[in-house]
Each structure stands twice: as C-alpha cells, then as structure tokens.
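Listed below are the residues making up each chain.
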Amino acid sequence: MSAKQTTKAAPESAEKKAPPVPRKDVRVRVKTKATGAKRTNSGVIFTNEWKYLTLDDKGSAYKAISDDPALTVELAPPPAKPAADEPGKEAK
C-alpha cells in the first residue's frame, strides 16, 4: 500500500498576512435626540446635553452607542491646548 498525502500545504500568500491594526482611542460626544429623554447605554446615562467620552474604536461600547438610533454621536474635536499667559515666555 502506498501512503497518499491527504492534506495540502498552505499557500505561501496566506503566511504573509498584514499585521493586525492596533486599536485606537476615539473621542466622541453623545446626547439623546429627544428633548427631556434619558437613555442608558453601556452603563452611562445620557440626557439631551453633550457628554464627552473616550472609547476604543473596535470596542463593544463604541459599537453599541453608535448603533443606538435614539442617540446622536459625533466625533469630538481634540482638546484645546491651554494658552500661555504671556506669549514671550515658556510654561514651566
């Protein structure tokens, strides 16, 4: 009896996959669409006022909040740098 190979070797292209993309922090602001309504999602209570959150871009909280039709989610601008008191001097 001859031994027959039953499995095929993996193609070389499968071995050279791109490295996984690291997760990033995303700063968002969230509020409810309806005035006076309170909404709870991922352990956070949202009202009709903007609430700023820093979330993981691939995390379950970010996905749940962005998929909720009762919430308005926007990317928040980066935090502003504090202005120096006097323009000619460096901050200590």
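Heads up: the structure comes first, above all this text.
Residues numbered from 1 in each chain as written. Predicted model: local features only at pLDDT ≥ 70, side-chain atom pairs only at ≥ 80, totals over all residues. Heavy atoms only, no water.

1. Notes on the nonpolar core
- In terms of nonpolar packing, the biggest core is built from eight residues, these being V26, V28, V30, F46, L53, L55, I65 and L71.
- Among the secondary structure elements, those contributing two or more residues to this core are β1 (25-32) and β4 (51-56).
- Here this core takes three residues from β1, the largest share from any one element.
- Residues within four places of F46 in sequence aside, it is in contact with V30, T32, A37, K38, R39, N41, K51, L53, I65 and L71. (Core = buried A, V, L, I, M, F, W, Y, C linked by side-chain atoms within 4.5 Å. Buried < 20%, exposed > 50% of the residue type's maximum accessible area, 1.4 Å probe, protein only. Helix = DSSP H or I, 4+ residues; strand = E, 2+ residues; numbered from the N terminus. Contact = heavy atoms within 4.5 Å.)

2. Observations concerning the sheet that holds strand β5 (residues 71-75)
- If you walk across this open sheet you meet the three strands as β4-β1-β5, and the pairing is antiparallel. Of all strands in the sheet, those bounded by a partner on one side alone are β4 and β5. Direction aside, the axes of adjacent strands within the sheet are offset by 35 degrees on average.
- The sheet contact formed by β1 and β5 spans five bridges and is antiparallel. Its bridge partner lying in β5, T32 is registered against L71. (Pairing = 2+ DSSP bridges. Axes fitted to C-alpha atoms, helices over the stretch in contact; angles between N-to-C directions.)

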